[in-house]
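# Observations on the three-dimensional arrangement
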Amino acid sequence: MPPLTGSCACGAVRYSITTEPAFSFHCQCHQCQRASGTGHASLFVVPKNSVSVEGEVKFYAQTADDGATISRGFCPHCGSPVLGKSTGYPDVLMITAASLDEPALFKPQKVVFSASGQAWDYVDPALPMA
Ligand SMILES: [Zn+2]
Ligand SMILES: [Zn+2]
């Protein structure tokens, strides 16, 4: 399957990943709701050293519920969220599922922070919830 490739909406930020996703999930924490503008973020985790990024990524950092600093990376031109990093997991990056050139390759395995999910944000009830 690799390399996985993707971009922001305008194409100014592009990335290529040389490994399979290590973990794929939906996050329903309130910060992800705000950052995505909808009910959850859909993300997958890959080793940082497997990702190459072209173009300028701007980061917004805030303290996550687990106490780590999470930095959400977005394209400064079109505003699309593309990737995130956490001081709690310094060796990985989180990539937004819909930034993939082939978003159908995203296979969510779990829902995290489901307790803060919105009633209108329906997610597959067959997925493990945390
Ligand atoms: Zn862009
Ligand atoms: Zn979240």
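Everything discussed here concerns the structure shown above.
Attention in this report is confined to the structure presented alongside it. (Residues numbered from 1 in each chain as written. Chains lettered and ligands numbered in written order. Predicted model: local features only at pLDDT ≥ 70, side-chain atom pairs only at ≥ 80, totals over all residues. Heavy atoms only, no water.)

## Here we look at the sheet that holds strand β2 (residues 14–17)
Applied cut-off: If DSSP finds at least two bridges between two strands, the strands pair. Counting from the N terminus, the helices are the DSSP runs of H or I reaching at least four residues and the strands are the DSSP runs of E reaching at least two. Each axis is a line fitted through C-alpha atoms, taken for helices only over the stretch in contact, and angles between the N-to-C directions span 0 to 180 degrees.
Read across the sheet, three strands follow the order β1-β2-β5 without closing on themselves; strand pairing throughout is antiparallel. Of all the strands in the sheet, just β1 (4–7) and β5 (51–54) have a single pairing partner and so form its edges. The sheet shows a mean angle of 15° between the axes of neighbouring strands, direction not considered. The sheet contact formed by β2 and β5 spans four bridges and is antiparallel. Paired with S16 across the bridge in β5 is S52.

## Brief notes about the pattern of salt bridges
Selection criterion: The rule for a salt bridge is simple: a side-chain nitrogen of Lys or Arg has to be within 4 Å of a carboxyl oxygen of Asp or Glu. Type-normalised accessible area, obtained with a 1.4 Å probe on protein chains alone, sets the label of each residue: buried when under 20%, exposed when over 50%, and partly exposed for intermediate values.
Per the stated rule, a full pass over the model turns up one salt bridge. Linking R14 and D101 is a salt bridge whose minimum nitrogen-to-oxygen distance equals 2.7 Å. Note that R14 is positioned in strand β2 and D101 in the loop between β9 (89–96) and β10 (110–112), a separation of 87 residues in sequence. Note on R14: relative accessible area 31%, which makes it partly exposed.

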